[in-house]
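# Understanding the architecture of this molecule
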Amino acid sequence: MTNKISKMQTLKSSLELDRAILNEKHRLIVIRFGDENDVETLYMDEVINKSIESLNNIAVFYKMDLKTAEEVVSIYELIDPCSLMFFFRNKHIMVDLGTGNYNKINWLFNSKQDCIDIIETIYRGVIKGKTLIFFNHSSNINKRQ
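Presented here is a report on the structure given in the accompanying data block.

## Remarks on the sheet that holds strand E2 (residues 28–34)
The strand order E1-E3-E2-E4-E5-E6 describes an open sheet built from six strands, whose pairing is mixed. Strands with a single pairing partner mark the edges of an open sheet, and in this sheet they are strand E1 (9–11) and strand E6 (132–134). The average undirected angle you get between the axes of adjacent strands in this sheet is 35°. One ladder, built from seven bridges, connects E2 with strand E3 (residues 59–65); its direction is parallel. Its bridge partner lying in E3, Val30 is registered against Phe61. Those strands touched by helix H1 (residues 14–23) are E1, E2, E3 and strand E4 (82–88), and its axis lies near 160° from that of E2.

Structure, rendered in structure tokens:
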């Protein structure tokens, strides 16, 4: 893993999180919740940062440290070291990736392409008005069970 500067914007409070969700009208909001010092979180940040340029027109990316998000941790049951959640036009977007957990992704992407494929699929669904997105992925995604 490299120690590159993150391209994701940092949210430092639940108020900043609410504002980010409310203010974006056209792009998918991707929020990475995690422990800033955790190896899995650092890996996920690296994969996301590699993907941002390809997804900039359809998604905006934020990160929030679990230590500064106690209120949010409780509301969304963020118990994993690293989780991704999605919002569009002030709605929480649920994603069915075959793990049984529709509220968030709590496993690591294998590659930049996995990240791009999933986020593009979610975006295509939300612009059609869907709030539950089904994703059929044929390759081996490393899902935490």
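## Structural notes on the pattern of salt bridges
Counted under the stated rule, the structure contains six salt bridges. We note a salt bridge from Glu24 to Arg27, for which the minimum N-O separation is 3.4 Å. For Glu24, a relative accessible area of 14% corresponds to the buried category. With a relative accessible area of 23%, Arg27 lands in the partly exposed category. The shortest N-O distance in the salt bridge between Asp65 and Lys67 comes to 3.7 Å. A relative accessible area of 11% means that Asp65 is categorised as buried. Linked through salt bridges whose partners overlap, the residues forming this network are Arg32, Glu36 and Asp45.

## Brief notes about the environment of Asn110
Mapped onto the fold, Asn110 is located in the loop between strand E5 (91–96) and helix H4 (112–126). When its relative accessible area of 37% is taken as the criterion, Asn110 is described as partly exposed. Between the C-alpha atom of Asn110 and that of Tyr43, which follows or precedes it by 67 residues, the distance is 9.8 Å.

## Some points on the packing of aromatic side chains
Counted by the stated rule, this structure contains two aromatic pairs. Seen from their ring centres, Phe88 and Tyr123 are 6.3 Å apart, and the 90° between their planes marks the pair as edge-to-face. In this pair, Phe88 sits in strand E4 while Tyr123 sits in helix H4, placing the two residues 35 residues apart along the sequence. Given a relative accessible area of 5%, Phe88 falls into the buried group. Ring geometry for Trp107 versus Phe109: centroids 5.8 Å apart, planes at 90°, classification edge-to-face.

## Topic: the environment of Lys112
In this fold, Lys112 is placed in helix H4. Lys112 sits in the partly exposed class, given a relative accessible area of 38%. When the C-alpha positions of Lys112 and Met44 are compared, they lie 9.7 Å apart, and in sequence the two are 68 residues distant. Residues contacting Lys112, with those up to four places away along its chain left out, are Val47, Lys50, Ser51 and Ser54.

## Notes on unusual backbone geometry
Non-glycine residue Arg89 carries a positive phi angle of around 50°. Tracing the sequence through the fold places Arg89 in the loop between E4 and E5. Of note in this structure, Asn90 is not a glycine but carries a positive phi near 70°. Secondary-structure assignment places Asn90 in the loop between E4 and E5. Looking at Asn90, the relative accessible area reads 46%, which means it is partly exposed.

Parameters and conventions
- Residues numbered from 1 in each chain as written.
- Predicted model: local features only at pLDDT ≥ 70, side-chain atom pairs only at ≥ 80, totals over all residues.
- Heavy atoms only, no water.
- Pairing = 2+ DSSP bridges.
- Helix = DSSP H or I, 4+ residues; strand = E, 2+ residues; numbered from the N terminus.
- Axes fitted to C-alpha atoms, helices over the stretch in contact; angles between N-to-C directions.
- Contact = heavy atoms within 4.5 Å.
- Salt bridge = Lys/Arg side-chain N within 4 Å of Asp/Glu carboxyl O.
- Buried < 20%, exposed > 50% of the residue type's maximum accessible area, 1.4 Å probe, protein only.
- Phe/Tyr/Trp six-rings, centres within 6.5 Å; stacked < 30°, edge-to-face > 60°.

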